[in-house]
Amino acid sequence: GESKNWILMATARAPTNIAVIKYWGKRDEALILPINDSISVTLDPDHLSATTTVAVSPSFEKDRMWLNGKEVSLSGGRYQNCLRELRNRAGEYTDENKGIHIEKYDWNTLHVHIASYNNFPTAAGLASSAAGFACLVFSLAKLMNVKEDLSQLSTIARQGSGSACRSLYGGFVKWTMGNEMSGSDSIAVQLANETHWDDLVIIVAVVSSRQKETSSTSGMRESVETSSLIQHRAKVVVPSRILQMEQAIRNKDFSSFARLTCADSNQFHAVCLDTSPPILYMNDTSHRIISIVERWNRHEGTPTVAYTFDAGPNAVIVAPNQKVAMDLLQRLLFYFPPARDNELSSYVLGDKK
Ligand code: 2P0
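Residues numbered from 1 in each chain as written. Predicted model: local features only at pLDDT ≥ 70, side-chain atom pairs only at ≥ 80, totals over all residues.

**Overview of the site of the ligand**
Formally: Being near a molecule or strand means, for a residue, that its backbone-placed C-beta atom lies within 6 Å of it. Residues are grouped as follows: Ala, Val, Leu, Ile, Met, Phe, Trp, Tyr, Cys and Pro are nonpolar; Asp, Glu, Lys and Arg are charged; every other residue, Gly included, is polar.
The ligand sits among 14 residues. The nearest are A19, S161, G162, S163 and S216. Within the shell around the ligand, the residues separate by chemical class into 5 nonpolar, 7 polar and 2 charged.

If you want it as structure tokens, here you go:
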């Protein structure tokens with residue numbers, strides 16, 4: 001019979017992304033279809049990224065996955081949906097030297113092994129599902145010889161975790177909510193690549209490494225079910241902000257970019273507070289950071305730094321350049337001296353390339 005003595009591998013790396021116009025709320029839970037468009041910045045892959053190696057061999061008896069060296073279950077619906085979508089699009093592969101020949105339909109019986117690492121401590125409480133699913137989908141697509149473009153792959157990554165669809169591209173990315181029931185037009189689109197506006201600096205200030213109490217998935221479900229503000233946000237506020245944000249990015253208009261970023265973070269957290277029971281992702285330290293940055297911007301007369309908070313207390317601060325980033329960091333270190341206690345440990349992640 002045929003040799004089972006071969007193994008084929010592929011490796012990829014994908015960074016996480018930070019939303020400046022937030023995704024919060026689904027209209028379809030299974031397909032992960034959002035109730036509004038969102039826009040994000042993809043970070044430099046040297047920081048906060050996932051690296052995934054995937055392998056296939058006839059000797060593998062089932063699909064398996066390891067996350068940071070520990071085996072995790074692939075039985076969840078999201079993993080299964082991604083694997084099914086990729087297997088449906090897999091192509092044939094031949095390597096005559098190694099005696100490997102894989103037909104399209106072979107992918108339905110061949111099993112894969114997936115090993116993924118994050119280059120940041122998972123315990124830091126920083127989102128990892130965006131980088132993780134983007135990387136998983138991209139590396140498997142390479143392994144399985146899937147001949148689809150990134151926008152098609154983004155519809156698969158989206159079914160792993162909504163925000164993951166935005167991490168397939170660098171630079172500034174929009175996730176368009178789409179209209180189709182099938183989700184075929186709920187895709188990521190690159191607004192500008194990583195060379196555009198590359199003097200922006202992103203600082204992640206780790207406020208707490210504790211695991212968040214309400215997961216994004218259940219949090220946004222509860223918001224959709226109970227918040228009335230979320231409807232106004234999705235239908236009226238976000239559509240107008242998306243247009244303004246696209247323009248600010250195109251024109252590298254930092255003042256507008258910062259104003260919209262802060263306002264959208266605050267409205268997302270207002271929706272959380274408007275949820276019943278209320279969801280409190282930010283803590284006292286987060287609120288102090290908002291006050292410090294708001295005072296800083298008022299002192300300058302125009303926004304010169306932006307803050308944004310996701311489903312947890314950690315602050316993400318965007319500065320227009322290294323100089324402003326260093327000045328702001330110095331101010332933060334004055335209010336949160338590292339010697340005293342670990343209430344806040346900030347580190348610069350460099351420019352967003
Ligand atoms: C975002 N967040 O746009 C928003 C802002 C958190 C706050 O996307 O259920 O992990 O897997 O689609 O993508 C976090 O939610 O949720 C998120 P699922 P996801 O980045």
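**Topic: the pairing of strand β7 (residues 64–67)**
Our working rule: Only when DSSP finds a minimum of two bridges between them are two strands counted as paired. Put simply, DSSP H or I for four residues or longer makes a helix, DSSP E for two residues or longer makes a strand, and each gets a number counted from the N terminus.
As paired strands, β7 and strand β11 (residues 111–118) are joined by 4 bridges and run parallel to one another. Of the residues in β11, the one forming a bridge with M65 is I114. Here β7 runs beside strand β8 (residues 70–72); their pairing, made up of 3 bridges, is antiparallel. By the bridge assignment for β8, L67 is matched with K70. Hairpin connection between β7 and β8: a loop of 2 residues separates the two successive antiparallel strands, and N68 in this loop has a positive phi of roughly 50°.

**Concerning the packing of helix α5 (residues 229–250) against helix α6 (residues 254–273)**
Stated formally: Throughout, an axis means a line fitted to C-alpha atoms (over the contacting stretch in the case of helices), and angles, computed between N-to-C directions, take values from 0 to 180 degrees. Angles are sorted into four bins: roughly parallel if under 35 degrees, roughly antiparallel if over 145, roughly perpendicular if 65 to 115, and oblique for all others. Left-handed describes a crossing in which the near helix is turned anticlockwise from the far one by less than a right angle; the clockwise case is right-handed. Two residues qualify as a contact pair if the distance between their C-beta atoms, derived from the backbone, is within 7 Å.
At a minimum axis distance of 10 Å, the contact between α5 and α6 shows a crossing angle of 165°. On the basis of their axis angle, the class for α5 and α6 is roughly antiparallel. In the crossing of α5 with α6, the sense of the turn from one axis to the other is left-handed. Seen from α5, the contacting residues are L229, I230, R233, V237, R241, Q244, M245, A248 and I249; seen from α6, they are S256, F257, L260, D264, Q267, A270 and V271. Grouping the amino acids of the contact of α5 with α6 by side-chain chemistry returns 10 nonpolar, 3 polar and 3 charged.

**As for the packing of helix α7 (residues 284–300) against helix α8 (residues 322–335)**
For any two helices packed against each other, one specifies the inter-axial angle together with the distance between the axes. Two elements in contact, α7 and α8, have axes separated by 11 Å at closest approach and are oriented at 135°. In terms of orientation, α7 lies oblique with respect to α8. As for the relative orientation of α7 and α8, their crossing is right-handed in sense. Of the residues in α8, those touching α7 at R288, I292 and W296 are L328, R331, L332 and Y335.

**With respect to the sheet that holds strand β12 (residues 172–175)**
One open sheet holds the 4 strands; their spatial order is β2-β5-β12-β13, and the pairing between them is antiparallel. Each of the sheet's edge strands pairs with one partner strand only, and the pair in question is β2 (17–21) and β13 (188–192). For this sheet the average axis-to-axis angle between neighbouring strands, irrespective of direction, equals 35°. One ladder, built from 4 bridges, connects β2 with strand β5 (residues 38–42); its direction is antiparallel.

**Focus on unusual backbone geometry**
Here S276 and P277 are connected by a cis peptide whose omega angle stands at -5°. As for its placement among the helices and strands, P277 is situated in the loop between α6 and α7. Of note, the phi angle at W197 is positive, near 55°, even though the residue is not glycine. Along the chain, the position of W197 falls in the loop between β13 and β14 (201–206).

**What to know about the confidence of the model for the chain**
Any region with low pLDDT has predicted coordinates that should not be read closely. Stated formally: pLDDT measures how confident the predictor is about each residue, on a scale from 0 to 100.
Overall, the predicted model of the chain reaches an average pLDDT of 92, with 93% of residues at or above 70. Here the predicted complex carries an ipTM of 0.99, next to a pTM of 0.94.

**Topic: the domain arrangement of the chain**
For the record, the criterion: Where each domain begins and ends follows an automated or database-derived domain assignment.
The assigned domain composition of the chain is domain 1 (8–192) and domain 2 (201–351). Each side of the interface is counted separately: domain 1 has 24 residues, and domain 2 has 32 residues. Top contributing element to the side of domain 1 that touches domain 2 by residue count: β2, with 3 residues. Looking at the side of domain 1 that touches domain 2 residue by residue, the classes come out as 16 nonpolar, 4 polar and 4 charged.

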